[in-house]
Amino acid sequence: MTSITEASRPDAGNDPRATGTPRSMKTPEHVVEIVSDSGEGAQKCGQIFGAVSAMMGNGVWTVEIIPAEIQPPPRSIGSASGNRVRIGAGPVTNWGDRANLVVAFNEQALLARHRLDAIADDAIVLLEEMWADHDDESIRAEWSAAMEELSAATYRIVRVPMEERCLTVVDDARKGKNMFVLGMLATIYARDAERTKDRIDQALHKKSDDVRRSNRALFDLGAAWAEEHLDFRVDVPTAPNDRPMVVMNGNQALGMGAIASGMDFLAMYPITPATSVSHYLAEAFPRVGGIVHQAEDEIAAVVAAIGASYAGKTAFTVTSGPGLALKTEALGLAVMTETPLVVIDVQRGGPSTGLPTKVEQSDLLAALFGQPGDTPKIVLAPATIEECFHCVVTARQIAEAFRTVVFVLSDANLATGVQPFPRPTPDPRWVATLPDQRPVEEGAKPYGWDERTGLSRRIVPGRPGGAYTTTGLAHDDESKIDYSPAVNEKGCRMRSRKLAVFQQTLNPPPIHGDDEGDLLVVGWGSTKGAIEEAVDRARADGRRVSSTHLTFLSPLEPGLKEMFARFEKVMTVEINYSDRRADPFVTEENRRRGQLCWLLRAQLLVDVDCWTRVHGQPLAPGRIVEAIEDRLGIGAES
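Quick caveat: nothing in here was measured; it's all calculated off a predicted structure.

**Focus: the pairing of strand 7 (residues 156-160)**
Most of strand 7 is tucked away: five of the five residues are buried. Going residue by residue along strand 7, you find Arg156, Val158 and Val160 tucked away on one face and Ile157 and Arg159 tucked away on the opposite face as well. Here five bridges tie strand 6 (residues 119-128) to strand 7, and the two strands are oriented parallel to one another. When the sheet's bridge partners are listed, Leu127 is paired in strand 7 with Arg159. A crossover connection joins strand 6 to the parallel strand 7 through helix 4 (residues 137-150); in handedness this β-α-β unit is right-handed.

Structure follows, in structure tokens:
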């Protein structure tokens, strides 16, 4: 690779291509990042590139790079916005380690990614060149300072006249560079041009014909510029699947799961990164008889969902951490009244408003224990975008079968990530049945608990002979307020027993790797792909390490204690906070551990350790390998 000083010196020119055919690099995978100021369309560019790559037969995983502020200052480190796309010849399950190709709309966005160590040492960088000779002296100074800082790296920087070329088609290049870049990527990676243009049209279907035509022209312009000026191509082999595939992000999959499950009422208040679930369903739900209710606040949203479910609808609510906090009292009401309810929590960084656009797995304990009193509920967490779809179907079935609250803990990594997976085949068993409207038999009680299972039949309002008063106060099996010790004890016992009954229907989670060894890595949620890739790398180096991934977190899946006993050490890997062992004043007695680690230690009385990070980013498999080696006494803690 050419060094940065060679590629970016003033006399190097803008055309790296020498005579002859561009060199082609064949590789099993590649990671590309497109970064810009917020509002310049880098995310859209990455989404289309990822979707087309998936449709052509590549494995794909995308991660959106989103600034925390709605309108951050342009050309600042905090304004970096865009998309990372990892494509592979086979399945891709996480965002990888560092980017091999970066397209940057300005040097400050590039600098932001450099400072996060997000770029591989030998990466190629395609950088907008307009800032080097800008009329504003302060911008020229910023360019020079950035180039000086970047000079310590060994990237190959190729300056690209994006602004100059785009202005030949549009008056405002900010509204065109993303399609110009998409054209360059299509040439570099040999993406199907017509399929890409069709995807552009789909993305701009609400725009005018003139807008769609200009975006197509910009795509052609970028493709032609790359064909003429770039001296490299990247060949990531494709393997078209013989099964029908779909390509979507996790929030779309959650929405589709709601439709497939037969749920028909969503009440939510907009909150990042969960809002796009409602955006998708606002368009799709009415076609199947569903209703999307945007409430005035988070409390009103959950109460509306509880009311709809109480009346016989199959209802759910969607939120993120701060919204979950506001729903606390109402969720306790749903537990006490045993009203079926699905709560989808798309987790983000905390506490308080925290990191609105960044990923974290910090709501586990809040979901389990965030309400006053004893509020047993079922909690499950999808690990892939495909599981986002199926988890909603499963959650609806459990909520109504067990008359309980069911949490689905997704996160920002799944929410915006795009991945292909086999098209689900609808199953009539997924769909909710109509509520029973037959007359209630004489003697039936609204909480006629089965003493052995804690289950009771649901009486929907309006059934002849089924009138009763619903209350959030302590009540007996006839729903009459009763504060007596025996009645309160029985109600708590019956609501709890349902979880024990449900746990008996679960199977132990599978082990990735051998059934015994030196270290077992335990994860949950969107970390699965990175953990399993890290375990595979460690095993290839001769390490006796395996992993398991939990879907159900309340109740825990059976057989864990016996599984853990077959390994010398057990360690969770999570995206939430824990004290490091070497931190000042931290001891084994006062050390705060990761949330799943805490839960496993408390529930199983097993010495489980943890490795966690709260960088606001998905975990990279390379960092997990370092953590594995540290736990095995091979390397230093990363």
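**Overview of the pattern of salt bridges**
All told, the structure shown has 47 salt bridges when counted by the stated rule. Of the charged contacts, one joins Glu298 and Lys327 as a salt bridge, the two residues approaching to 3.0 Å between their closest N and O atoms. Here Glu298, found in helix 11 (residues 298-310), pairs with Lys327, found in the loop between helix 12 (321-326) and helix 13 (328-337); they are 29 residues apart in sequence, far enough to count as distant. Both residues of the pair, Glu298 and Lys327, belong to the buried class. In this structure, Arg396 and Glu400 form a salt bridge, with 3.3 Å as the shortest nitrogen-oxygen distance. Of this pair, Arg396 and Glu400 both sit in helix 15 (residues 385-402), four residues apart, roughly one helical turn. For Arg396, a relative accessible area of 6% gives the class buried. Connected through shared salt-bridge partners, Glu29, Arg86, Asp97, Glu533 and Arg537 make up one network.

**Observations concerning the packing of aromatic side chains**
Aromatic rings considered in pairs are described by the distance between their centres and by the relative angle of their planes. The tally for this structure, following the rule as stated, stands at eight aromatic pairs. With a centroid separation of 5.9 Å and an interplanar angle of 35°, the aromatic rings of Tyr447 and Trp449 are classed as tilted. Note on accessibility: Tyr447 and Trp449 belong to one class, buried. Here the aromatic rings of Tyr447 and Tyr468 are separated by 6.4 Å at their centres, their planes lie at 75°, and the arrangement is edge-to-face. Separated by 21 residues along the polypeptide, Tyr447 in the loop between strand 16 (418-422) and helix 17 (485-503) and Tyr468 in the loop between strand 16 and helix 17 bring together distant segments of the chain. Note on accessibility: Tyr447 and Tyr468 belong to one class, buried. Chaining the aromatic ring pairs together yields one cluster made of Phe402, Phe502 and Phe552. Taking the ring centre of Trp131 as reference, the NZ or CZ of Arg75 above it sits at 4.5 Å. The aromatic ring of Trp95 is capped on one face by Arg84, whose charged end is 4.2 Å from the ring centroid.

**A word on the domain arrangement of the protein**
By domain assignment, the protein separates into domain 1 (3-235), domain 2 (247-430) and domain 3 (511-631). Contacts between domain 1 and domain 3 engage 10 residues on the former and 11 residues on the latter. When residues of domain 1 are sorted by the area they lose upon contact with domain 3, Asn94, Trp95 and Asp97 head the list and together hold 57% of the total. On the surface where domain 1 and domain 3 come into contact, there are three salt bridges. Across the pair Arg623 and Asp117 runs a salt bridge, and its minimum N-O distance is 3.4 Å. Each residue belonging to the side of domain 1 that touches domain 3 can be placed in one class, and the counts come to three nonpolar, three polar and four charged.

**Things to note about helix 15**
The first and last C-alpha atoms of helix 15 sit 26 Å apart over 18 residues, in line with the 26 Å expected at 1.5 Å per residue. Arg403 lies just past helix 15 and shows a positive phi near 50°.

**Focus on the sheet that holds strand 6**
Read from one edge to the other, the open sheet built from six strands follows the order 3-4-2-5-6-7, with strand pairing classed as mixed. For this open sheet the edge positions go to strand 3 (59-65) and strand 7, each flanked by a neighbour on one side alone. Recorded for the sheet is a direction-independent mean angle of 15° between the axes of neighbouring strands. Examined bridge by bridge, strand 3 and strand 4 (residues 80-88) share seven bridges and lie antiparallel to one another. Bridging from a neighbouring strand, Glu64 pairs with Asn83 of strand 4. Helix 2 (residues 42-56) contacts strand 2 (29-37), strand 3 and strand 4 of the sheet and is inclined by roughly 10° relative to strand 4.

**Remarks on the nonpolar core**
Among the nonpolar cores identified, the biggest contains 46 residues, and Leu254, Phe316, Val318, Val342, Ile344 and Val408 are the most heavily contacted of them. Ranked by residues supplied to this core, first place goes to helix 15 with 10 residues. Of the residues that make up this core, three or more belong to each of domain 1 (3-235) and domain 2 (247-430). Apart from residues no more than four positions distant in its own chain, Val342 is found in contact with Met263, Ala315, Phe316, Thr317, Ala395, Arg396, Ala399, Val406 and Val408. By size, the runner-up hydrophobic cluster in this structure holds 45 residues, among which are Val32, Ile34, Met179 and Val236.

**Some thoughts on the environment of Ile291**
Looking at where Ile291 falls in the secondary structure, it is placed in strand 11 (residues 291-294). Under the relative-accessibility criterion, Ile291 is labelled partly exposed at 43%. Considered as a pair, Ile291 and Ala315 are 24 residues apart in the sequence and their alpha carbons are 9.6 Å apart. Setting aside chain neighbours within four positions, we find Ile291 in contact with Asp264, Phe265, Leu266 and Phe285.

**A word on unusual backbone geometry**
Cis peptide bonds are those with omega within 30 degrees of zero, and the linkage from Thr272 to Pro273 qualifies with 5°. Of note, Pro273 is situated in the loop between strand 10 (265-268) and helix 10 (275-284). Here Ser554 and Pro555 are connected by a cis peptide whose omega angle stands at -5°. The topology assignment puts Pro555 in the loop between strand 20 (552-554) and helix 19 (560-564). Phi angles above zero are rare outside glycine, and Arg403 is one such case at about 50°. Take Arg403: it is sitting in the loop between helix 15 and strand 15 (405-411). In this structure Arg403 comes out as buried when scored by relative accessible area, which is 5%. Unlike most non-glycine residues, Phe585 shows phi in positive territory, near 70°.

**Quick look at the packing of helix 18 (residues 528-540) against helix 21 (residues 621-631)**
Orientation of helix 18 relative to helix 21, taken along the N-to-C sense of each, is 55°, at an axis distance of 8 Å. With respect to helix 21, the element helix 18 is oriented oblique. Relative to helix 21, the crossing made by helix 18 is right-handed. Counting all contacts with helix 18, which are made through Ala530, Ile531, Glu533, Ala534, Val535, Arg537 and Ala538, the residues of helix 21 involved are Pro621, Gly622, Ile624, Val625 and Ile628.

Procedures and definitions
- Residues numbered from 1 in each chain as written.
- Predicted model: local features only at pLDDT ≥ 70, side-chain atom pairs only at ≥ 80, totals over all residues.
- Heavy atoms only, no water.
- Buried < 20%, exposed > 50% of the residue type's maximum accessible area, 1.4 Å probe, protein only.
- Helix = DSSP H or I, 4+ residues; strand = E, 2+ residues; numbered from the N terminus.
- Pairing = 2+ DSSP bridges.
- Right-handed = clockwise from strand over helix to strand, strands pointing away.
- Salt bridge = Lys/Arg side-chain N within 4 Å of Asp/Glu carboxyl O.
- Phe/Tyr/Trp six-rings, centres within 6.5 Å; stacked < 30°, edge-to-face > 60°.
- Lys NZ or Arg CZ within 6 Å of the ring centre and 35° of its normal.
- Domains from an automatic or database assignment.
- Contact = heavy atoms within 4.5 Å.
- Buried area = accessible area lost by both parts, 1.4 Å probe.
- Nonpolar A, V, L, I, M, F, W, Y, C, P; charged D, E, K, R; others polar.
- Expected span 1.5 Å × (residues − 1).
- Axes fitted to C-alpha atoms, helices over the stretch in contact; angles between N-to-C directions.
- Core = buried A, V, L, I, M, F, W, Y, C linked by side-chain atoms within 4.5 Å.
- Parallel < 35°, antiparallel > 145°, perpendicular 65-115°, else oblique.
- Left-handed = near helix turned anticlockwise from the far one by under 90°.

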